[in-house]
Amino acid sequence: MIAMTNYLEVRSLSKQFGTFTALGDVSLDVVEGEFVCFLGPSGCGKTTLLRAIAGLDPQTSGTIRQKGRDVSALPPAQRDFGIVFQSYALFPNLTVADNVGYGLVNRRQARGAIAKRVAELLAMVGLPDAGPKYPAQLSGGQQQRVALARALATSPGLLLLDEPLSALDARVRLRLRHEIKALQRTLGVTTIMVTHDQEEALTMADRIVVMNHGAIEQVGTPQEIYRRPATAFVADFVGSMNFLSGTLMAPDRVRVAGVDFTCPAQDGLAPGQKVSLCIRPEDVRVRDLPADSANRVPVEVAELDFVGAFCRATLKARAASDVAVTADFSSNLIRDLGVDIGTRLDIALPPDRVRIFA
Amino acid sequence: MSLTAPAVKPGMSRDDLMMRGGVVLLAGVLLVMLGLPLWALLAKGFEDRDGKFIGLANYVSYFSTPALFQSALNSLHVASITTVIVVPLAFLYAYALTRTVLPMRWLFQGISLIPIFAPSLLPGIALIYLFGTQGFFKALLGDGSIYGIDGIVIAQVFYCFPHATLILTTALATADARLYEAADVLGASKRRVFFTVTLPGAKYGLISAALVVFTLVMTDFGIAKVIGGNFNVLATDVYKKVIGQQDFSMGAVVGMVLLAPAALAFLVDRLVQRKQVALLTARAVPLVPRPKFARDVLFTMFCLLVSAAILTILGMAIWGSLIKYWPYNLSLTLENYDFAKFDSNGWESYWNSVRMALGAAVFGTLLMFTGAWLNEKTRGFGAMRGVVQFLAFLPMAVPGLVLGLGYIFFFNAPNNPLNFLYATMGILVLNTVAHFYTVGHLTATTALKQIDPEFEAVSASLKVPIWKTFVRVTAPICLPAILDIAIYLFVNAMTTVSSVIFLYAPDTKLASVAAVNIEEAGTTAAAAALCVVIVLTSAAVKAAHLVADRFLFARLQVWRRR
C-alpha cells in the first residue's frame, strides 16, 4: 500500500486507565474510502480505539494522523468526523428534520439550502416523509437511519459507527447492514465500524481489524481473516474451529495422539514444539476420498446436532477415543451415506485447509 | 516501545475552556456562599468577644456550663423520641399508600404533605390553641403543660412526618412483583414475606428517614421557640446567645456543637446509601396491590386517623387566626390579618417573602441546574469538579441556623468586599439558595444522568458549541426537573425561619420571621394568620405546578409521546 493513499494513520497508540491497559501500542492504517471493522469481544479495546480516533477519550500516548494532519491532541470539535452511536443519541425534543439539520444550522447556511440538504439526506436513508416527526415516533431501525443522516449531513471525511446495529432486532439488522454498506460505497466515505458480531464484520467490511486484550491480533480482508487466521485467538473467535493438540515433528508434520498429519510447512516453529492443529468443521472431508488421501482418519459418529441447514457431527477417532473433531454434514450427505450415531466413517483433513498454532 | 512514545497532552477546544472556566467560577461562588461563611464560623469559636484568638477556651467554658450542656442533651432527647415516633408512623402510612388499596389515595398523599408548606412554628401555635394555658383541651393534660418537651415532640412529629413519609413511599414504591410471586409460590407466610422481602427492601429508606427526622428535629428552631417554654435546646440557645446576649463567639461554639450531629447523620447516610444497589432493574415488574378487605379497611382507618390529626393542627391554626379574642370572644374576624397592627412592616414582610422566594427560585434554579450541568459535562478537570461536588453536598450537613450565623461573621466583616450585601434582600436569597443547594443539585444531576451521555459527543462532531446544545436540547429535556427545583426552592424560601433569622434588616423582614416576632410579642392569632398566609401561598404554588405538569407539559412536550 502506498503511504499517500492512507487516510488515517494510527501509530503506537496506548491508553491506560490507572494500571489497566485498554490499548497497548496499537498501529493501523486506513485507506481512503475504505470500510474497516474493529472486531473483538467486549473489553478488547475496539471502542476505546474508536473513541481515541474521534478524540472523545484521548489516548495516553501515540499519534493519529488524519489526511496527513496530526490530530493526536485535537479536541473532537476540531477533528473531521461524523459519528453514530448504538443508542442513536437523537435529540428527543427536536424533529427528525431538526436533528438532521443540527450541524448545518450552525454553519450559517441559508434556511432554504438547509431544508433542501435535509430533504436530500432523508431521501438518501429512505425516510423522505419523516421530517416533521419526533424520534420517539420512529422505530429503532428508522431512528438509526436518522442518526446516520445526521452524521453525514456535514459531509465528514470519516464516518465512525459504534456498534450501530446492536440495539436492533435481527431482521432490521440484516436489512440495515446492506443499506449502510451500499450507502458507504456510493458516498465513498472512509468508515470505521466497531462491532462484536463477526457476521456483521464479515459481510460489511473491506478489511477487518481483529482485536483482543487491547492489541490488534490481525488485519485483513474478510476472506483472509476467515481462511488464514493469524493467531489461535482469531481462529477461535471468527467462525468455528477444531483445536487438536499435538507435537510438531517436522516443519510439515504434526503428531496428534500417535498419528502423523501433513500440514503446510511451518517456518517459525521448531520441531518438538507443542502445537494446535486446527481445521474448520466445514473443511472436514468425507465424500470421494482417494484411497491414498493424506490425513485420513477412521472415526465413529458420537453425536449429531441438527442445526437446520446442516448437521454438526462430533466424530471420535477410532484409534484414540479422546480425540474428537466436529464436522458439518449437509442433509444430502447424511441421507446419501446413511449417517447416524455410531456410524463408522473415514474422514480426511485436507492439508491445505489445516492451520497450525503454537 | 510504548515507553518511548511521548505522552499525549490533549488539547482543549473552546468548549473545554468555557466549561472549565464555568466550573472554576461555580467553585468560587459556592466557596463564597458556603465554604467561607462556615470557615468564618469555625474561626469565631476560637476568639473572645474582642476578636482575640483564645484557642479552645470557649469550648471549655461551654462544656463546663451545665445549663448549656443540658441543652445539647435535651436536643438529643427530643430528636430521639421524635424519630422513634415518626418513623413507624410514616412507615405504616407509606405502606398504606403503596401496598394497599386505599380509596382516594391521592387525597391521603396530599394531606400527608401539608406540613411541608408550613413554617415550623405553625404546629407550635396550633398546639397552644389546643392545649395551651387557655387551650380547648387543657383539662386533658391534668397538671401537665404543653409548654416543654411534650409540646415540642408533638409539633416535631407533625413537622417531620411528610419528610419521612416521602422517603418511605419512594422506598416502598420501588418493589419487584416477581419477588412476591416467588415468595408466594414457595409457600412463605405473610409474616415471613414481610420480614424477608418487604422490610429488607425498605431498609435503606428506613435508615434514611430516621436520619433525616433526627437532623430536622436537632436543627429546627421555630417549634422550640414557640412551645419550648423553659425547655432549652441547642437551636434556641444559639438564638439567645446571638440575639439576646450578643455573644457571637459563644453562639459560634453552640453552632459548631449543633453542626456535629447533623454532619454525623449526613455521613452515616452517605455511607449507608453507598451500599445500596438498585433493587429495581429495568426488567422488574412493578408491584400493583390487590384488594384485600380486612387489610384495606384497617389501613384506611389508620390513614383517616393520621390525616385527621394533621388537618386538626392545620385547621386549628386557621381557626385561631380567624377568632376575635381567644378564648373569650370566639366570633370570627379578619382583623388578625391586618398585620400592620402587630408589626411595623405589616403585609410588607409577606411581600418580602414572596420576592425572596421568587428570587431564590430563579437565581437558585439557574445556578443549581447550570452548575450541575457544568460539573457533569466538563471533560477531565477531576480535582476541581471534586471540590464543586463536595461544596454542593455540604449544605445537607449544615443546619440553617449555623449557616446563617456563618453569614453574619463572613459578610458583616468590615474588610469583606462583599460587605455591601449585608442586610439586603440579596444576602437572604444567597443564604436560602445555599441552605437548600444539595437537593436542587441532586435533582439536576439525576435528571442529567438520565439523558444520553453522547449528546455532547454528537454536537462536537457536528461542530456545534456545547452551550448551544445545552440551550436547545439539554435544558428543554430537563424542564420537569428544572421546575421541580424551582418549586422546591420557592416553598422552602417561604417557610424557612432558621437560616434567615439572623440576616434580615428592618426593611427586608420576611413573613416567617415576622411570625416569630409577633408570637414573641404575645399576639398568637396574628402569628397564626401569617403562618396561614404562608401555607396558602406555598400550597397554591405547588398546586399550580401540578396542574401545569399535567396539562401544560402535555402540550409543550409533544415529543415525549410515542
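Let me begin by describing the structure that accompanies this report.

Parameters and conventions
- Residues numbered from 1 in each chain as written.
- Chains lettered and ligands numbered in written order.
- Predicted model: local features only at pLDDT ≥ 70, side-chain atom pairs only at ≥ 80, totals over all residues.
- Heavy atoms only, no water.
- Helix = DSSP H or I, 4+ residues; strand = E, 2+ residues; numbered from the N terminus.
- Contact = heavy atoms within 4.5 Å.
- 1 Å grid on protein atoms, 1.4 Å probe; cavity = no way out; pocket = protein on both sides within 12 Å on 5 of 7 lines; lining within 4 Å.
- Points joined across faces, edges and corners; volume = space filled by probe spheres on them.
- Patch = residues over 30% accessible without salt bridge, like charges linked within 9 Å, V, L, I, M, F, W, Y side chains within 5 Å.
- Areas by Shrake-Rupley, 256 points an atom, 1.4 Å probe, with all protein chains shown as cover.
- Salt bridge = Lys/Arg side-chain N within 4 Å of Asp/Glu carboxyl O.
- Buried < 20%, exposed > 50% of the residue type's maximum accessible area, 1.4 Å probe, protein only.
- Polar contact = N/O pair within 3.5 Å; in protein donor to acceptor, adjacent residues only side chain to side chain.
- Pairing = 2+ DSSP bridges.
- Axes fitted to C-alpha atoms, helices over the stretch in contact; angles between N-to-C directions.
- Nonpolar A, V, L, I, M, F, W, Y, C, P; charged D, E, K, R; others polar.
- Buried area = accessible area lost by both parts, 1.4 Å probe.

Turning next to the environment of Tyr147 of chain B. Residue and element names in this part refer to chain B. Looking at where Tyr147 falls in the secondary structure, it is placed in the loop between helix H5 (121–131) and helix H6 (149–173). Separated by 58 residues in the primary sequence, Tyr147 and Gly205 have C-alpha atoms spaced 33 Å apart. Beyond its immediate chain neighbours, meaning those up to four positions away, Tyr147 contacts Ile128, Gly132, Thr133, Val226, Ile227, Gly228 and Gly229.

Residue and element names in this part refer to chain B. This model, assessed by the stated rule, comprises three cavities of 30 Å³ or more. Space inside the largest cavity adds up to approximately 40 Å³. In terms of lining, the largest cavity is formed by Ser75, Val78, Ile152, Gln156, Val217, Met218, Asp220, Ala224 and Val233. Mapped onto the lining of the largest cavity, the elements with two or more residues apiece are helix H3 (66–99), H6 and helix H8 (190–219).

This part is about a nonpolar patch on the surface. All names here are of chain B. A surface patch of nonpolar side chains, amounting to about 350 Å² of accessible area, comprises Phe63, Phe69, Leu73 and Leu76. With respect to the helices and strands, the residue Leu73 is situated in helix H3. On the basis of relative accessibility, which here comes to 42%, the residue Leu73 falls in the partly exposed class.

Next up on the list: the environment of Arg20 of chain B. Residue and element names in this part refer to chain B. Mapped onto the elements of the fold, Arg20 is located in helix H1 (residues 14–44). Distance in space between the C-alpha atoms of Arg20 and Phe381 is 7.3 Å, their sequence separation being 361 residues. Excluding anything up to four places from it in sequence, Arg20 contacts Met12, Thr378, Arg379, Gly380 and Phe381. Within polar-contact distance, the side chain of Arg20 engages the backbone oxygen of Arg379 at 3.0 Å.

Residues and elements named next belong to chain A. Here four strands make up an open sheet; going across it, the order is S17-S16-S15-S18 and the pairing antiparallel. Each edge of the open sheet is held by one strand with a lone partner, namely strand S17 (324–330) and strand S18 (344–348). Neighbouring strand axes in the sheet, compared pairwise and without regard to direction, differ in orientation by 50° on average. The pairing of strand S15 (residues 296–306) with strand S16 (residues 310–317) spans seven bridges and is antiparallel. By the bridge assignment, Val299 is partnered in S16 with Ala317.

All names here are of chain B. The computed volume of the second largest pocket comes to approximately 770 Å³. Lining the second largest pocket are 22 residues; nearest its centre among them are Tyr95, Arg99, Tyr180, Lys190 and Arg295. Of all the secondary structure elements, the ones that give two or more residues to the lining of the second largest pocket are H3, helix H7 (177–185), H8 and helix H12 (293–322). The greatest single-element share of the lining of the second largest pocket, amounting to five residues, is contributed by H8. Each residue belonging to the lining of the second largest pocket can be placed in one class, and the counts come to 13 nonpolar, one polar and eight charged.

All names here are of chain B. Relative to strand S2 (residues 329–332), strand S1 (residues 323–325) runs antiparallel, the two sharing two bridges. Across the sheet, residue Tyr325 finds its bridge partner in S2, namely Asn329. The loop that links S1 with its antiparallel partner S2 comprises three residues.

Now for the interface of chain B and chain A. Between chain B and chain A, the residue contacts involve 35 residues of the former and 40 residues of the latter. With both chains or domains summed, chain B and chain A bury close to 3200 Å², and 61% of this area falls on carbon and sulfur atoms. Counting the surface chain B buries against chain A, the share from its top three residues, Leu462, Arg472 and Trp559 of chain B, is 21%. At the junction of chain B with chain A, the criterion picks out one salt bridge. Our count for the contact surface shared by chain B and chain A stands at eight residue pairs in polar contact (both at pLDDT 80 or more). Mapped by element, the contributors of at least two residues to the side of chain B that touches chain A are helix H18 (455–461) and helix H19 (466–477) of chain B. Residue composition of the side of chain B that touches chain A, by class: 19 nonpolar, six polar and ten charged.

In this section: the pattern of salt bridges. Counted under the stated rule, the structure contains 29 salt bridges over all chains. A salt bridge links Asp260 of chain A to Arg255 of chain A, with the shortest nitrogen-to-oxygen separation between them at 2.7 Å. By relative accessible area, which is 36% here, Arg255 of chain A ends up partly exposed. The residue Arg355 of chain B makes a salt bridge to Glu348 of chain B at a minimum N-O spacing of 2.5 Å. Looking at Glu348 of chain B, the relative accessible area reads 35%, which means it is partly exposed. Among the charged side chains, a salt-bridge network with shared partners connects Arg51 and Asp57 of chain A together with Glu454 of chain B.

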